[in-house]
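# Examination of the molecular architecture
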Amino acid sequence: SVVNVPIELRGQVFGVLTVQDAVDRQWTEDELATMQAVAAQVAQSLEAARLLEESEISLQDTMALYRTSRAVAAAQTPTDILQAITSAVVAPQVDRAALALLDPDSSPDDPVLEMVAAWERDNPGPGRTGMRWRASQVPLINHQSAEPMIFGDLANDQEIDPQSRQMFRRVMGAQAIAIIPMLTGGRILGCLPLESTRGPYP
């Protein structure tokens, strides 16, 4: 004899409590009521564990953001700022990062983005610091927005223009890139490009 009691919370079933007996018999109403009460308690316990896990993850994220914000506020140079960011928030799949600022003296028709700090996972040196890209070389510079631009597979992503794809893939060797805008008062100051060189990364 078998009884399956659904484990549900807020109307959603996400499991089952199965009770078996080696003999063929009828289950009493009291037995069924007890099993339903146990299933409800299991649901509440699982929900409490899930909420605790979410709270712990949220707390870790908040603490990482707090530590990064303090390090950025204390930074003396662009390299210090980038170091504070990469030491706290860069994922293992990210191989390179940079701090790129728009040159305020460059032409609005052909703005220039300058790498003022750079980081590479396997190269502790200055890397691409000092490189300057014009929008005529990388048209994506002209299309920066307040939202991140993410290209998880540069070889096949149709959302990026061919010239920018060529620059990132062939010249820089990137396989995937996320471009995070830096904003103040609604104005774009530059961006934080994060690159994967080992393969596509969504």
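To be clear, the structure that these remarks concern was listed above.
What you see is a predicted model; the values in this text were computed from it and never measured.

### Observations concerning the packing of aromatic side chains
- Under the counting rule described, the total for this entry stands at 1 aromatic pair.
- Between the aromatic rings of W133 and F168, the centroid separation amounts to 5.5 Å while the plane-to-plane angle is 65°, which identifies the pairing as edge-to-face. Within this pair, whereas W133 is found in strand 5 (residues 132-134), its partner F168 is found in helix 3 (residues 162-171), the two being separated by 35 residues in sequence. Each of the two residues, W133 as well as F168, counts as buried.
- Over the ring of W27 we find R25, and its NZ or CZ is 4.1 Å from the ring centre.

### Section: the pairing of strand 2 (residues 12-20)
- The pairing of strand 1 (residues 2-9) with strand 2 spans 8 bridges and is antiparallel. Bridge pairing links V5 to L17 in strand 2.
- In sequence, strand 1 turns back onto strand 2 through a hairpin of 2 residues, with R10 there showing a positive phi of about 50°.

### Overview of a nonpolar patch on the surface
- Residues L59, M63 and Y66 make up a contiguous nonpolar surface patch of about 300 Å² in total accessible area.
- Among the structural elements, Y66 can be located in helix 1 (residues 29-74).
- A residue is classified by how much of its surface remains accessible, and Y66, at 44% relative accessible area, is partly exposed.

### Here's the deal with the sheet that holds strand 8 (residues 187-196)
- With antiparallel pairing, the 6 strands of this open sheet are ordered in space as 5-4-3-8-7-6. Sheet topology places strand 5 and strand 6 (149-151) at the edges, where each strand pairs with a single neighbour. With direction set aside, neighbouring strand axes in the sheet form an average angle of 20°.
- Examined bridge by bridge, strand 3 (residues 96-102) and strand 4 (residues 112-120) share 7 bridges and lie antiparallel to one another. In the sheet register, L99 faces strand 4, and the bridge partner there is A117.

### Here's the deal with helix 3
- Turning to helix 3, its buried residues number three or more, namely S164, R165, M167 and F168. Relative to the axis of helix 3, the buried residues are bounded by an arc of 160° and lie together on one face. In helix 3, the exposed positions angled more than 90 degrees off the buried face are occupied by P162, R170 and V171.
- In this structure, the buried side of helix 3 is in contact with strand 5 and strand 7 (176-184).
- For helix 3, the side-chain oxygen to backbone nitrogen distance between the N-cap and Q163 is 3.2 Å, and the N-cap itself is D161.
- Following helix 3 by one or two positions, G173 has its phi on the positive side, about 80°.

Thresholds, definitions, all that
Along every chain, residues carry numbers that run from 1 in the direction the sequence is written. Only residues with pLDDT of at least 70 get local features here, since the model is predicted, and only at 80 or more are side-chain atom pairs given and counted; chain-wide, interface and lining totals rely on the full set of residues. Hydrogens and water molecules were not included; the side-chain quantities draw on all heavy atoms of the structure. Centres within 6.5 Å are what make two rings of Phe, Tyr or Trp a pair, Trp counting through its six-membered ring; a difference in plane orientation under 30 degrees is then read as stacked, over 60 as edge-to-face, and the rest as tilted. Numbered from the N terminus, helices here are DSSP runs of H or I no shorter than four residues, and strands are runs of E no shorter than two. For the exposure calls, accessible area comes from a 1.4 Å probe over protein chains only, and a residue counts as buried if that area is under 20% of its type's maximum, exposed if over 50%, partly exposed in between. Distance and angle both matter: a charge sits over a ring if NZ of Lys or CZ of Arg is within 6 Å of the ring centre and within 35 degrees of the ring normal. Note on pairing: DSSP must find at least two bridges between two strands before they are called paired. Here, patches come from residues exposed beyond 30% relative accessible area and free of salt bridges, joined within 9 Å for like charges and within 5 Å for nonpolar side chains (Val, Leu, Ile, Met, Phe, Trp, Tyr). Surface accessibility in these figures is a Shrake-Rupley result with a 1.4 Å probe; residues are shielded only by whichever protein chains are displayed. Salt bridge, as used here: a side-chain nitrogen of Lys or Arg that lies within 4 Å of a carboxyl oxygen of Asp or Glu. Helix axes are fitted only over the stretch in contact, all axes being lines through C-alpha atoms; the angle between N-to-C directions runs from 0 to 180 degrees. In this description, the arc belongs to the directions extending from the helix axis to the C-beta atoms. Pairs of residues are marked as contacts when any of their non-hydrogen atoms sit within 4.5 Å. Between N or O atoms, a polar contact is any pair within 3.5 Å; within protein, one atom must be a potential hydrogen donor and the other a potential acceptor, and residues adjacent in sequence are included only when both atoms are from side chains.

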